[in-house]
Structures are given as C-alpha cells and as structure tokens.
Amino acid sequence: MSLAPDGSTGTPTTERVKGIFSRLAPRYDAFNLVSSFGLDRWWRRVAVHMARLTPDSEVLDLACGTGDLALALARIGHPKSVLATDFVEEMLEVAKRKASRYNGPTAMSFAHADAQALPFPDASFDVVTIAFGVRNLPDRAANFREVRRVLRPGGRYVILEFSRPPFAPFRAVYHAYLRWAIPAIGALVAGDRASFEYLNASIRSFPRQEDLARELEAAGFSRVSWRNLSGGIVAIHVAEA
Ligand SMILES: C[S@@+](CC[C@H](N)C(=O)[O-])C[C@H]1O[C@@H](n2cnc3c(N)ncnc32)[C@H](O)[C@@H]1O
C-alpha cells in the first residue's frame, strides 16, 4: 500500500486520513493492542472518568473509529446516550458490530459525521469526546468551533491524544520506538508500513500539552486542564464550553 509522495510527513489531509483508516479498519484493534501493549484500554478508561458522566448525560464521541471509547463510555460511565461518529464507513461498520453485543442501559447510536463540520443542532450534548482523532484533523480550529457550538453551556470536551513526554531521556526512547517500531508493527499487523510512518510523524509534530491548551482557550473554552498518562505518551485535555 502506498501514500502520497510526502507520505512520511505528519501533515493530515482529508484524503490521506480517509485512505489510511478505510484500509486499516479490519486490523485497527489488533494494531492498537500490540503497539500500546494494551495500555490504550486504560487510557480510554481514565478519559471516561474525566468526562464526569451522570445518568442524564448525552454524549457525542467524535472520530469514534472502531468504537472503543464509545463503548467504554457506555460500559463504565452509564450515561443516558452515546452518539458515536466517524467519517470512514469501514470504521463505523466495525464499531456497530462491536456495539451490537452491548446490552446495558445507555442508548448507543452511530452516525457519519466530519468532526470539522458537525451535522447537529446547537447545544445538543453535555459531553463531547475524541480519542486519537484530533491529531488527524487538518483544521483543529474548525473542530473546536463546532464542538463549542454543539455543547450545552458548561459542557465538557474531553480530548485523549498522543502527546510529548516531558522527561527528555524518556522522550528520546519513546521517539525511537515511534520511529523504528511503529512502522515495523504496522507492516506486520496491518501490512501497511507507509501509513504508520505517517502516524509516527503526526505524533511527533502534534502540539505539546500547553500549546494545545492555549489553542482551546483561544477557541473560547474555559477551565482547560490536562493530565499526562504513561509519562506523557498520551495526555487527556478537558475544556469547558
Ligand atoms: C486513530 S483512529 C481513533 C479511533 C478511536 N477514537 C479510538 O480511540 O481508537 C482515528 C479515527 O479518526 C477518524 N477521523 C479522522 N478525521 C476525521 C474527521 N475529520 N471526521 C471524523 N472522523 C475522522 C478516522 O476515520 C479514524 O477512525
């Protein structure tokens, strides 16, 4: 499989991102499990706790992929509803299949939606979440605008994303892992080295924790905070509308 000639840069474009995830859909979960040593499940669990759900919460999960965060929100947080959205049908199909085995109290539904232009009315949700999706958006400012629009006043935006380990020696080891191991695991598990070279580059070029927080504030969010997990390999930002 191949990407555009600049396939090793971390710059997302809509066509590139759609291409990567439509090809990856059947093997995405296996890649996650192997490449994160299973830590991704714990990261999503912490994100659910930071969402501070109640039985009345109406939740929108953006870039839901194969549905792991949407399902964790339902299974752990027990909100009133979770609407899981993505713009790649192949990912949504896997998510729907997995959710068909869920039989708890939360109403789960799925919709095709671009996270930069949401097809929902103003003030429709109490919580919006996104896991490992923001990094793939060419226009983060449009996403932040849209999320503020669809959140009710005081609603929370919870962003789980790869970030920058603050401790330099650990960061050096981690970046070496990203550079060498991730494309190799991608080739092995998903047969797609080029996409994982993009993944590696996109992680390293993503804004550091404090810069993402500043972007959220500039977009009008308040009470922006974050928590580093696994030494800052990922961070969870929470911002209020
Ligand atoms: C790395 S996966 C993350 C999936 C899932 N949230 C998780 O935690 O495993 C990124 C997902 O973002 C989706 N995505 C990327 N850009 C998007 C956009 N503009 N609108 C909606 N979904 C998008 C991709 O289709 C893909 O399913």
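### Concerning the overall build of the protein chain
Okay, so step 1: When helices and strands are tallied, the protein chain shows 9 helices and 7 strands.
Okay, so step 2: Against the 2.2 N^0.38 benchmark of 18 Å for 241 residues, the protein chain shows a C-alpha radius of gyration of 17 Å, consistent with a compact globule.
Okay, so step 3: Its C-alpha atoms give the protein chain principal-axis dimensions of about 45 × 35 × 30 Å.
Okay, so step 4: Each of the 241 residues in the protein chain was classed as buried or not, and the buried ones make up 54%.
Okay, so step 5: As displayed, the protein chain offers around 10600 Å² of accessible surface, 55% of which is attributable to carbon and sulfur atoms.
Okay, so step 6: Computing the positive centroid from 30 side-chain charges and the negative centroid from 25, the protein chain places the two 5 Å apart.

### Remarks on the confidence of the model for the protein chain
Okay, so step 1: For the protein chain, the average pLDDT comes to 91, and 96% of its residues sit at 70 or higher.
Okay, so step 2: Per-residue pLDDT stays below 50 along residues 1-8; that stretch engages in 19 contacts with residues further than four places along the chain or on separate chains.

### Some remarks on the packing of helix 1 (residues 14-24) against helix 8 (residues 193-205)
Okay, so step 1: Between helix 1 and helix 8, the shortest axis-to-axis distance is 11 Å and the interhelical angle comes to 125°. Between helix 1 and helix 8, the interaxial angle falls into the category oblique. Crossing hand, helix 1 versus helix 8: left-handed. Contact residues: helix 1 offers R16, V17, I20, R23 and L24, while helix 8 offers S195, F196 and Y198.
Okay, so step 2: Residue classes in the contact of helix 1 with helix 8 are distributed as 5 nonpolar, 1 polar and 2 charged.

### A closer look at the site of the ligand
Okay, so step 1: Inspection of the region around the ligand gives 20 residues, with Y28, R44, A63, D86 and A131 positioned closest.
Okay, so step 2: Here an oxygen atom of the ligand sits 2.8 Å away from a polar atom, N or O, in the side chain of R44.
Okay, so step 3: Take A131: an N or O atom from its main chain is 2.8 Å from a nitrogen atom of the ligand.
Okay, so step 4: Relative to its unbound accessible surface of 600 Å², the ligand loses 99% to contact with the protein.
Okay, so step 5: Mapped onto the shell around the ligand, the elements with two or more residues apiece are helix 1 and helix 2 (28-35).
Okay, so step 6: Among the residues making up the shell around the ligand, the classes are represented as 13 nonpolar, 4 polar and 3 charged.

### Concerning the packing of aromatic side chains
Okay, so step 1: On inspection of all chains with the given rule, the structure shows 9 aromatic pairs.
Okay, so step 2: On the numbers, 6.3 Å between centres and 75° between planes, the contact of F144 with Y157 is edge-to-face. Of the two residues, F144 is situated in helix 6 (residues 140-150) and Y157 in strand 5 (residues 151-162); the sequence distance between them amounts to 13 residues. This pair shows no difference in class: F144 is buried, exactly as Y157 is.
Okay, so step 3: Through a chain of ring-to-ring contacts, the aromatic side chains of W43, F132 and F162 assemble into a single cluster.
Okay, so step 4: Across from the ring centre of F87, 4.8 Å away, lies the NZ or CZ of K18, which sits over that ring.

Rules used throughout
- Residues numbered from 1 in each chain as written.
- Predicted model: local features only at pLDDT ≥ 70, side-chain atom pairs only at ≥ 80, totals over all residues.
- Heavy atoms only, no water.
- Helix = DSSP H or I, 4+ residues; strand = E, 2+ residues; numbered from the N terminus.
- Rg over C-alpha atoms; globule rule 2.2 N^0.38 Å.
- Buried < 20%, exposed > 50% of the residue type's maximum accessible area, 1.4 Å probe, protein only.
- Areas by Shrake-Rupley, 256 points an atom, 1.4 Å probe, with all protein chains shown as cover.
- Lys, Arg positive; Asp, Glu negative; His and termini not counted.
- Charge placed at Lys NZ, Arg CZ, Asp CG, Glu CD.
- pLDDT = per-residue confidence, 0-100.
- Contact = heavy atoms within 4.5 Å.
- Axes fitted to C-alpha atoms, helices over the stretch in contact; angles between N-to-C directions.
- Parallel < 35°, antiparallel > 145°, perpendicular 65-115°, else oblique.
- Left-handed = near helix turned anticlockwise from the far one by under 90°.
- Nonpolar A, V, L, I, M, F, W, Y, C, P; charged D, E, K, R; others polar.
- Near = heavy atom within 4 Å.
- Polar contact = N/O pair within 3.5 Å; in protein donor to acceptor, adjacent residues only side chain to side chain.
- Phe/Tyr/Trp six-rings, centres within 6.5 Å; stacked < 30°, edge-to-face > 60°.
- Lys NZ or Arg CZ within 6 Å of the ring centre and 35° of its normal.

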